[in-house]
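Residues per chain are reported as follows:
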Amino acid sequence: MITSQATTPAVTLRVIPRDQHTISRRDISPNALRVLYRLRDAGFAGYLVGGAVRDLLVGGHPKDFDVATDATPEQVKALFRNSRLIGRRFRLAHVVFGREIIEVATFRANVDDGSGDRETHEGGRLVRDNVYGTIEDDAVRRDFTANALYYAVEDFSVRDYVGGFEDVQARKMKLIGDPEQRYREDPVRMLRAVRLAGKLGFGIDAASAEPIPRLAPLLSEAAPARLFEELLKLFLSGNAVASFEGLERYGLLPSILPETAAALASNRSGALRNMLLEGLRGTDARVANDEPVSPAFLFALLLWPAYCRALIGLQAQGVNAEEAQRRAADRVTLHQLGTVALPRRFSLPMQEIWLLQSRFATRQRKRVMRLLAHPRFRAAYDFLLLRLTASSEHAEDVAFWRAAQTQSSEELSAALGVAPPRGLDTGEGDAGDGEVGEEQPGEDPAAAPKRRRRRRRSGSAAPAAE
């Protein structure tokens, strides 16, 4: 571990008065305003900062409101009883108002004179950064100029030190300082550039975009758990299509989803990419309608091209279909875990969605009923609908299962060409069709075989205790 000092860019303060910007206190969280006013009344400087100011300037509606101040985390904690200190890499105070949290950060400096707490990896990646400074210091150490804008409650002005106001007006993401050095400090900034550009409809400044393809492999140094969270932000914020296209455009896809990138490159028809993009459009629509999106379904979509490629390879080696499906699912999941920490609560349902796809070809009544009752049926069926965008060969299956979900038992039996069950379903007519690991017709898989007790002969001795 070594310490390093960064070159500090020059700053020039520009104050944008209230009549020259569009931010109104009506659009700011009342709790954020309470924090700002209490800091001011206690003699500290306090500003709304970062993404909230940026989004308000372009007419957005921020979900989070962050505050920057010259008060230390300990002073903030003493001022707000409803606060707690968090973080090792970045020491912060969270002021809690019910379900809303206002994050309060102390102004940080770029240059460590030895009195602060900064540590970097030998490659330049920041491990800990708790060196406090002035608002000017704080502005130049932020990542993008659009995120280095400060809203002041005392006169309702916006303070700009690095040209961020003009860049927001020009709808441009631009790094502060030397782009390569900033990406080496924190490689995840490359993903943030793509995500914010997609979210805001901004372009990425040419100088900020140039090093990204070269430095993309540095993402392997980021913590897998952090990359998982960043992927959720990329694809579950309502701009999944723009984010995916940005990952492709700037050469980041092979570093974050390596097997998917390889599979898409080898799929000459482009059918897998079309399916993936259609699924991401659906994800964006659900987010826009405030409908939930399962990370398991998202990753089933993102890794489906990799699963298909692995499956084809195993089948070409002569592995039987069922075993090939299981091994392909395990292989893709294991390889992806080397880059992104995908929790089991998502990876297992993801694999179930994949493995259920082959069962949609069944037309035997008992298997149809079991699949309809499966807890992952709806997610797997929705996934089948997406597969239809890649290949029309699934049209018959889609039509059958769409109808099966609304049919009565008698109607379903008629559609399958079998007689409806009478009384208890003994499974007659299905004998010999049990899948591997399934119970045979008429058997209860949870019931243990009954053993008949032998009647003890009168006068016989009881067995000796062991």
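Residues numbered from 1 in each chain as written. Predicted model: local features only at pLDDT ≥ 70, side-chain atom pairs only at ≥ 80, totals over all residues. Heavy atoms only, no water.

Caption draft 1: Layout of unusual backbone geometry. Even without a glycine there, the phi angle at arginine 171 is positive, about 55 degrees. With respect to the helices and strands, arginine 171 occurs in the loop between α5 (164–169) and β11 (172–173). Not every positive phi belongs to a glycine, and aspartate 290 is a case in point at roughly 60 degrees. With respect to the element layout, aspartate 290 can be found in the loop between α14 (271–288) and α15 (295–316). (Helix = DSSP H or I, 4+ residues; strand = E, 2+ residues; numbered from the N terminus.)

Caption draft 2: Structural detail: the confidence of the model for the chain. Looking at the chain as a whole, the pLDDT averages 86, with 83% of positions reaching at least 70. Taking the mean pLDDT of every element in the chain, the minimum, 49, falls on strand β7 (residues 117–120) and the maximum, 98, on strand β9 (residues 149–152). (pLDDT = per-residue confidence, 0-100.)

Caption draft 3: View of the packing of helix α10 (residues 224–235) against α15. It is at 12 Å that the axes of α10 and α15 come closest, and there the two elements cross at 90 degrees. Considering their axes alone, α10 and α15 lie roughly perpendicular with respect to each other. Together, Phe228, Leu231, Leu232 and Phe235 of α10 and Pro295, Leu298, Phe299 and Leu302 of α15 make up the contact between the two elements. By residue class, the composition of the contact of α10 with α15 is eight nonpolar, no polar and no charged. (Axes fitted to C-alpha atoms, helices over the stretch in contact; angles between N-to-C directions. Parallel < 35°, antiparallel > 145°, perpendicular 65-115°, else oblique. Contact = heavy atoms within 4.5 Å. Nonpolar A, V, L, I, M, F, W, Y, C, P; charged D, E, K, R; others polar.)

Caption draft 4: Structural detail: the pairing of strand β6 (residues 100–106). Sheet analysis places strand β3 (residues 66–69) next to β6, joined by four bridges and oriented parallel. Bridging from a neighbouring strand, threonine 69 pairs with threonine 106 of β6. As judged from the five bridges shared by strand β5 (residues 92–97) and β6, these two strands associate in the antiparallel manner. Opposite histidine 94, over in β6, you have glutamate 103 as the bridge partner. In this antiparallel pair of consecutive strands, β5 and β6, the connection spans two residues, and glycine 98 shows a positive phi of 60 degrees. (Pairing = 2+ DSSP bridges.)

Caption draft 5: Inspection of the packing of helix α18 (residues 365–372) against helix α20 (residues 395–404) at higher detail. Viewed as axis vectors pointing N to C, α18 and α20 meet at an angle of 70 degrees, and their least axial separation amounts to 11 Å. Compared by their axis directions, α18 and α20 come out roughly perpendicular. Contacts between α18 and α20 involve Val368, Leu371 and Leu372 from the first element and Phe400, Trp401 and Ala404 from the second. Looking at side-chain class alone, the contact of α18 with α20 contains six nonpolar, no polar and no charged residues.

Caption draft 6: The arrangement of the sheet that holds strand β4 (residues 83–86) in detail. Overall, mixed pairing links the eight strands, which are arranged β1-β10-β9-β2-β3-β6-β5-β4 in an open sheet. The sheet terminates laterally at β1 (14–16) and β4, the two strands that pair on one side only. Averaged over all pairs of adjacent strands, the angle between their axes in this sheet comes to 30 degrees, without regard to strand direction. Direction of pairing for strand β2 (residues 46–49) relative to β9: antiparallel, over a ladder of three bridges. For tyrosine 47, the partnering residue across the bridge sits in β9 and is alanine 152.

Caption draft 7: Up close: the environment of glutamate 323. The topology assignment puts glutamate 323 in helix α16 (residues 321–337). The class for glutamate 323 is partly exposed, based on a relative accessible area of 32%. Between the C-alpha atom of glutamate 323 and that of leucine 311, which follows or precedes it by twelve residues, the distance is 9.7 Å. (Buried < 20%, exposed > 50% of the residue type's maximum accessible area, 1.4 Å probe, protein only.)

Caption draft 8: Molecular detail of the pairing of β9. Judged by which residues are buried, β9 turns out to be covered on both faces: Leu149 and Tyr151 on one side and Tyr150 and Ala152 on the other are all buried. Relative to strand β10 (residues 158–160), β9 runs antiparallel, the two sharing three bridges. Bridge pairing in β10 places leucine 149 opposite aspartate 160. Here β9 folds back onto β10 in antiparallel fashion, the turn holding five residues, of which phenylalanine 156 has a positive phi close to 60 degrees.

Caption draft 9: Fine view of the nonpolar core. In terms of nonpolar packing, the biggest core is built from 100 residues, with Leu48, Phe235, Leu280 and Trp354 touching the most fellow members. Element by element, the count of residues in this core is highest for α15, at 15 residues. Excluding anything up to four places from it in sequence, leucine 48 contacts Ile28, Ala32, Leu36, Val53, Leu56, Phe65, Asp66, Leu149, Tyr150 and Tyr151. Among the nonpolar cores identified, the runner-up in size contains 14 residues, and Phe400, Trp401, Ala404 and Leu416 belong to it. (Core = buried A, V, L, I, M, F, W, Y, C linked by side-chain atoms within 4.5 Å.)

Caption draft 10: Spatial organisation of α16. In this model α16 runs 24 Å from its N-terminal to its C-terminal C-alpha over 17 residues, within 8% of the 24 Å that 1.5 Å per residue would give. Among the residues of α16, Ala324, Gln325, Ala328, Ala329, Val332, Thr333 and Gln336 are the ones counted as buried. Taken end-on, α16 shows its buried residues confined to a sector of 155 degrees, consistent with a single buried face. Next to the buried residues of α16 lie α12 (253–256), α13 (258–266), α15 and α17 (344–356). Where α16 begins, the capping side chain belongs to asparagine 320, and its oxygen is found 3.3 Å from the backbone nitrogen of glutamate 322. (Expected span 1.5 Å × (residues − 1). Arc of directions from axis to C-beta. Polar contact = N/O pair within 3.5 Å; in protein donor to acceptor, adjacent residues only side chain to side chain.)

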